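A structural walkthrough
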Amino acid sequence: MLSRSKRLEELAVEGDEPTFGSEGRLAEALGGIRPRTFLEAYGIVVIILMTAAILAAPLLAGDPIDQDLSVALTNPTADHWLGTDNLGRDIWARILYGGRNSLLIGVFVILIAGTIGIVYGAISGFVGGVVDGIMMRVVDIFLSFPAIMLALLISAALGPKIRTVIIAIAVAWWPFYARLIRGQVIVIKQREYVTASRALGAGPMRNLFMTVLPNSFGVMKTILILDIGYAILAGSTLSFLGLGVSLPTPEWGVMIREALQFPNAWWMVLSPGIALMLFVSAMNFAGGVATRSVHEIHSR
Amino acid sequence: MRSTAGNPQVAAGSAAVAAVSVQETEAEPLIKVRDLTVEFRTQSLVRAVHGISYAMAAGEHVGLVGESGSGKSASALALVRLLPRTATVSGSVELAGRELMTLSESELREVRGGQVGIVYQDPFSSLNPVLTIGRQITEVLTRHKGMRGDEARTEAARLLDGVGVPNAVDRLADYPHQFSGGMRQRTIIAMAISPEPSVLIADEPTTALDVTVQAQILELLQSLTEQHHMAMLLITHDLGVIAGITQRVMVMYAGRIVESATTEDLFNRASHPYTVALHQSLPRIDKRQERLPTIQGHPPDLRRAIRGCPFAPRCPRRIERCKNEDPPLMSVEIARQAASPEWTLKRIKEEGGEQAPGPESPHLTACWNPPPPSSSVADGWEPT
Amino acid sequence: MGWYILRRVALVPVVLLGMTFITFVVSQLVPVDPAAAYLGSRGSITTEQGQNAIVETLNERWGWDKPILERYGIYLGNLLQGDLGDSSTSSRPVSRDLVKVVPPTLQLVFASMSVALLFGIPLGVFAAAKRGRYWDQLFMVASTLAISLPVFWLAIVGFNVLYGRLGWAAGPGQLDLFTTPPPSVTRFVLVDSILAGRWDAFFDALHHMAFPTLLLGLVIGFYFARVVRSEMIEALESDYVRTARGKGLSNWIVLYRHALRNAIVPVITLSGLAFGSLVTGVIVVEHIVGWPGLGQYAFSAATRLDLNAIAAVVLVVGAIYVLTNLVVDVLYTVADPRVRDR
């Protein structure tokens, strides 16, 4: 839900010392994988396990759409590990296949919003001047909506499909990344080594790609990865509202919506919620959210 | 300036007495520091201050010189336990006969500000950005002099004026970011002296300022401390700063005091290779220099215990003994003889050689092979 | 400082205009013929004539037969007159529905925000004071979980347990079925109850508000607490706090007048953004607990794909969000003097 603040930019700007070229990047990428504490290790393990299970869904579970009204609303048994829903579908299967959709949404939202945002923000920051001013005004207007509201509207207009959820959230989120990277680019642009690189004869575009971007990317990488979790949550929220995945496609958010009408079938509501909580918190733990302060994360 | 002629008085007792003998004069020294050690526990254990001892008399101006990492700031802040939580301080610090290390936090708070004033290195970050200047001064007055309201504000304006800030009354409502670096430092000085402490610790007060402002600030410090008869510990890495302001100087390296002398002696008769090297590295107008001399090598890694003299790896005068035995801080006379092995540590102590710097102590150096008096600042001396 | 505020206020109409544009554009994206879609859910009017007549009216009112920019102009004109379109479910002007529905939500939002601040700030200070030790680590884990879970799910489970099983929380509605509502003066039930001297209604309303308020307040409070903790730690390790300690000031003064006073500044900015998240949370939670507010309205509108209603809700929420952030920015200049002279 809440993953933004204006301060984020400022914090991101306080980031690591830039390195020339690309040696720094690789070292950083490798160094970033080593977990610092038990919690981070736990997070990584959970993510790997869950992702593996989700990907291996056909091997681990039956058909998520197959209805069998004769066993509707049964609690967990040996046959149905997590019980069945009101239409007799196996919840365990729906969780696994639903995970695919939830994950899909999360990853694609970040991919799309991140790409658009980074390109937009990098150009805006590097070009500067009036162009930058106008581009940022547009960003500001997008950001005047609470993110989910905008996504809600877009989703409603385009009709509830998994595709629209992704587009909706991506449209709502790209301005955040644009602003972030623009801030980074501006700071790095002003640092002397860019001038030095230009003194050596590199042209402006080459400047942008070889020196400025790789260094700005360091901070962004952490934020983007952590945001996958929040994108999954946002997707589930929209689906819960009925604006996301359409039935009978399984997805964790939509499964919770279905569970609303059957408050006594506790297994229906618990499974997707716990799945969401487990996955997103694991992403947070792995990203160091539980062991570092906000400052540390953004200057990693 | 105090006289340094004459032999030191030898502390009573035999070798059984604690290894260090502190100078005693008729009046008890205001500050007595004994075996002060500071360690920082970050990812590894760093020993920043290595068991130093010294004394200061009331009203005395003492300089503490060293490069970054020498432990000079840490040793000073440790006196009132103002170091971050990662630091462990041990040893003894007596202020006017009162042991500070055993005081509780609340008792220590009386001492802080009230008896020990501090001027910090970075005037930009040492002031609270969201409180007015006036507020930051009046809160000291409220705390230590019980003043409130208008009385405090008038006094604050008077203090600000006294440190050379124009339009002091109007300036009380300003915020730190509206002040220049020099004015901020003046504010900090005003805050430090307002409770009329007996000691002022000035931790590199001019390092962050422009050269033109530096002189003004130093002059201000000198006149204020003389006016209020305050002792001052002036910490700096710049030898030029202490000339003319301090009566005595101690030089620190790798957490230890390596030389202690009157200012005059330190300049004219430097007796430790490090001090000489410091002198050499000062740029000079009166001599032709093709290259600015620097000290070869780099300061030791304080995470590791050091064997022998910490300066040895960089010292052009090192001898065999330097590599194995850390020289104690001893009188120069004894130091000059101490190179020969008959001068064991035990014998040095017995003969009263090993001493801690104090108001009446002689010229001390921690070196097995001190440079001869002739090789001083005036002449060139090439490090090998 | 005056200039800053002036500039900031001047931006507001520009931003609002931009927002209406975006909302307009998005609602035009509906892939089906808008008139037909509009009519479709209202049941059928079978005669061709009848259909045409209705399409005529719509064209007149909204200019659907005109080029897009003109359409936007008409849309804007209608907006300024308070015409937000008619709901395709209730066939009533949306504006009328909104007027009924906004006050209860505002009540919830303000109450939750208060809980979040009252709970989150001291918690953050506490965690900062205990940094690195057991309580702090516990806090970090707990707060990570709090921000990782879907609020609507927590609401369902919580409501099930606290209302369904334990009967502690109150049921749907702002008041019990058997409590007669106080005369509606301000449309805020809490205020109206006080005005009418109806303390029974007041406390009943509080009871009904308790669960959603606490739920949202606690979750958002955890977020505030994390930021406060982070900022406090940085403040406590700063040079100016060292100066404050060096002056011999008491722990209390150092903690509150020096450290917290600095740490709180980013929290102010965050409140504005938290507001946005709060409203989002309210939308899902209201439906679950049966609170008759904007959220409930939005939820049914979303379910029925009532585009006019949804667009109106988004616009209204957006406008409130913009105004809230304006207030927040002004407060920020009061809190942080460094900003004033830019």
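Residues numbered from 1 in each chain as written. Chains lettered and ligands numbered in written order. Predicted model: local features only at pLDDT ≥ 70, side-chain atom pairs only at ≥ 80, totals over all residues. Heavy atoms only, no water.

Residue and element names in this part refer to chain B. Within the secondary structure, threonine 225 is located in helix H7 (residues 211–227). Put simply, threonine 225 and leucine 30 are 195 residues apart on the chain and 15 Å apart in space, counted from C-alpha to C-alpha. Not counting residues up to four positions away in its chain, the partners in contact with threonine 225 are His61, Leu200, Met230 and Met232. Within polar-contact distance, the side chain of threonine 225 engages the side chain of histidine 61 at 3.2 Å. (Helix = DSSP H or I, 4+ residues; strand = E, 2+ residues; numbered from the N terminus. Contact = heavy atoms within 4.5 Å. Polar contact = N/O pair within 3.5 Å; in protein donor to acceptor, adjacent residues only side chain to side chain.)

All right, on to the nonpolar core then. Core analysis: the biggest nonpolar cluster contains 168 residues, and Leu152, Ile169, Trp173, Phe240 and Trp252 of chain A together with Leu98 of chain C have the highest contact counts within it. The leading source of residues in this core is helix H11 (residues 251–289) of chain C, at 17 residues. Listed in part, the 110 residues of the second largest apolar core include Ala48, Met101, Leu221 and Ala231 of chain B. (Core = buried A, V, L, I, M, F, W, Y, C linked by side-chain atoms within 4.5 Å. Buried < 20%, exposed > 50% of the residue type's maximum accessible area, 1.4 Å probe, protein only.)

Attention shifts here to the packing of aromatic side chains. Under the definition given, this model contains 21 aromatic pairs over all chains. Ring geometry for tyrosine 42 of chain A versus phenylalanine 285 of chain A: centroids 5.8 Å apart, planes at 70 degrees, classification edge-to-face. On the criterion of sequence distance, the pair formed by tyrosine 42 of chain A in helix H3 (residues 38–55) and phenylalanine 285 of chain A in helix H12 (residues 266–286) is long-range, its members being 243 residues apart. Tyrosine 42 of chain A sits in the partly exposed class, given a relative accessible area of 30%. Ring centres of phenylalanine 202 of chain C and phenylalanine 203 of chain C lie 5.5 Å apart, and the angle between their planes is 75 degrees; this geometry places the pair in the edge-to-face category. (Phe/Tyr/Trp six-rings, centres within 6.5 Å; stacked < 30°, edge-to-face > 60°.)

Attention now goes to the sheet that holds strand E3 (residues 61–65) of chain B. Residues and elements named next belong to chain B. Ordered in space as E6-E7-E8-E3-E9-E10-E12-E11, the eight strands form an open sheet in which the pairing is mixed. Lying at the two open borders of the sheet, with one neighbouring strand each, are strand E6 (116–119) and strand E11 (330–331). When E11 meets strand E12 (residues 364–365), the two strands line up antiparallel, connected through two bridges. Across the sheet, the residue bridging to methionine 330 is threonine 365, located in E12. Those strands touched by helix H6 (residues 181–193) are E6 and strand E7 (199–203), and its axis lies near 175 degrees from that of E6. (Pairing = 2+ DSSP bridges. Axes fitted to C-alpha atoms, helices over the stretch in contact; angles between N-to-C directions.)

This next bit is on the interface of chain C and chain B. With 25 residues of chain C in contact, the opposing surface of chain B contributes 26 residues. Taking both partners together, chain C and chain B bury about 2300 Å²; carbon and sulfur atoms supply 52% of that area. The largest per-residue losses of area from chain C upon contact with chain B belong to Arg242, Lys247 and Arg257 of chain C, which jointly make up 27% of the total buried on that side. In this structure, glutamate 139 of chain B and arginine 257 of chain C form a salt bridge, with 2.4 Å as the shortest nitrogen-oxygen distance. Counting only elements with at least two residues in the side of chain C that touches chain B, the list comes to helix H10 (239–246) and H11 of chain C. Across the side of chain C that touches chain B, the residue classes tally to six nonpolar, seven polar and 12 charged. (Buried area = accessible area lost by both parts, 1.4 Å probe. Salt bridge = Lys/Arg side-chain N within 4 Å of Asp/Glu carboxyl O. Nonpolar A, V, L, I, M, F, W, Y, C, P; charged D, E, K, R; others polar.)

Take H12 of chain A next. In a regular helix each residue adds 1.5 Å, so 21 residues correspond to 30 Å; H12 of chain A covers 30 Å between its end C-alpha atoms and thus fits that length. Of the residues flanking the end of H12 of chain A, it is glycine 288 of chain A, one or two places downstream, whose phi is positive at about 85 degrees. (Expected span 1.5 Å × (residues − 1).)

Counting residues at the interface gives 53 residues for chain A and 58 residues for chain C. Counting the surface lost from both chain A and chain C, the interface buries some 5000 Å², and carbon and sulfur atoms represent 77% of this. Applying the counting rule to chain A against chain C returns zero salt bridges. Inspection of the chain A/chain C interface yields two residue pairs in polar contact (both at pLDDT 80 or more). Only helix H1 (6–13), helix H6 (129–143), helix H7 (147–158), helix H10 (204–240), helix H11 (252–260), H12 and helix H13 (294–298) of chain A provide two or more residues apiece to the side of chain A that touches chain C.

With that out of the way, let us pick up the pattern of salt bridges. Counting across every chain of the model gives 30 salt bridges over all chains. Between lysine 145 of chain B and glutamate 196 of chain B there is a salt bridge, and its shortest N-O distance comes to 3.0 Å. Of this pair, lysine 145 of chain B sits in helix H3 (residues 133–145) while glutamate 196 of chain B sits in the loop between H6 and E7; the two residues are 51 residues apart in sequence, bridging distant segments of the chain. With relative accessibility at 48%, the residue glutamate 196 of chain B sits in the partly exposed group. Here aspartate 174 of chain B ties to arginine 171 of chain B by a salt bridge, and the two come within 2.6 Å at their closest N and O atoms. For aspartate 174 of chain B, a relative accessible area of 15% gives the class buried. Residues joined by salt bridges that share partners form a network here, namely Asp85, Arg89, Arg94 and Glu258 of chain A.

Before going further, it helps to spend a moment on the side chain of arginine 131 of chain C. Note on placement: arginine 131 of chain C falls in the loop between helix H5 (94–129) and helix H6 (134–148). Within the structure, arginine 131 of chain C has its side chain in polar contact with the backbone oxygen of alanine 128 of chain C (distance 3.0 Å). Other than its neighbours up to four places away in sequence, arginine 131 of chain C contacts Arg85 of chain B together with Asp136, Ile233, Leu236 and Glu237 of chain C.

Of the pockets and cavities examined, the second largest pocket occupies roughly 1500 Å³. Listed by contribution, the elements that provide at least two residues to the lining of the second largest pocket are strand E4 (87–95) and helix H2 (105–114) of chain B together with H6, helix H9 (199–236), H10 and H11 of chain C. A per-class count over the lining of the second largest pocket returns 18 nonpolar, nine polar and 15 charged. (1 Å grid on protein atoms, 1.4 Å probe; cavity = no way out; pocket = protein on both sides within 12 Å on 5 of 7 lines; lining within 4 Å. Points joined across faces, edges and corners; volume = space filled by probe spheres on them.)

Now for the packing of H5 of chain C against H11 of chain C. Residues and elements named next belong to chain C. The N-to-C vectors of H5 and H11 enclose an angle of 145 degrees; their axes lie 9 Å apart at closest approach. With respect to the hand of their crossing, H5 and H11 are arranged in right-handed fashion. Residues Thr105, Leu108, Val109, Ser112, Met113, Leu117, Ile121 and Val125 of H5 lie in contact with H11, whose contacting residues are Leu255, Tyr256, Leu260, Ile264, Val267, Ser271, Ala274, Phe275, Leu278, Val279, Val282 and Glu286. Of the residues assigned to the contact of H5 with H11, the class counts are 16 nonpolar, three polar and one charged. (Left-handed = near helix turned anticlockwise from the far one by under 90°.)

Our next topic: the pairing of strand E9 (residues 248–253) of chain B. All names here are of chain B. Among the six residues in E9, six count as buried, and that is most of the element. Along E9, one buried face is formed by Arg248, Met250 and Met252 and the opposite face, lined by Val249, Val251 and Tyr253, is buried too. With four bridges connecting them, E3 and E9 associate as parallel partners. Residue pairing across strands places leucine 64 opposite methionine 250, the latter belonging to E9. Looking at chain direction, E9 and strand E10 (residues 256–262) are connected through six bridges and run antiparallel. Pairing of methionine 250 across the sheet is with serine 260, part of E10. In textbook terms, the turn of a hairpin is the stretch between consecutive antiparallel strands, and for E9 and E10 this stretch comprises two residues, one of which, alanine 254, has a positive phi near 50 degrees.

Turning next to the state of the cysteines. Residue and element names in this part refer to chain B. Counting across every chain of the model gives zero disulfides over all chains. Summary of cysteine pairing: cysteine 322 is not part of a disulfide, and the nearest cysteine sulfur, belonging to cysteine 367, is at 5.9 Å. Among the residues examined, cysteine 322 registers a relative accessible area of 6% and is labelled buried. (Disulfide = S-S within 2.5 Å.)

A few words now on the sheet that holds strand E1 (residues 31–41) of chain B. All names here are of chain B. Taking strand neighbours across the sheet as the criterion, the four strands line up as E2-E1-E4-E5 in an open arrangement whose pairing is antiparallel. The sheet is open, and its two borders are formed by strand E2 (45–56) and strand E5 (98–99), each paired with just one other strand. Summarising the sheet, E4 and E5 pair through two bridges and their orientation is antiparallel. Across the sheet, glutamate 94 pairs through a bridge with glutamate 99, a residue of E5. Packing of helix H1 (residues 72–79) onto the sheet brings it into contact with E1, E2 and E4, and relative to E1 it is tilted by some 115 degrees.

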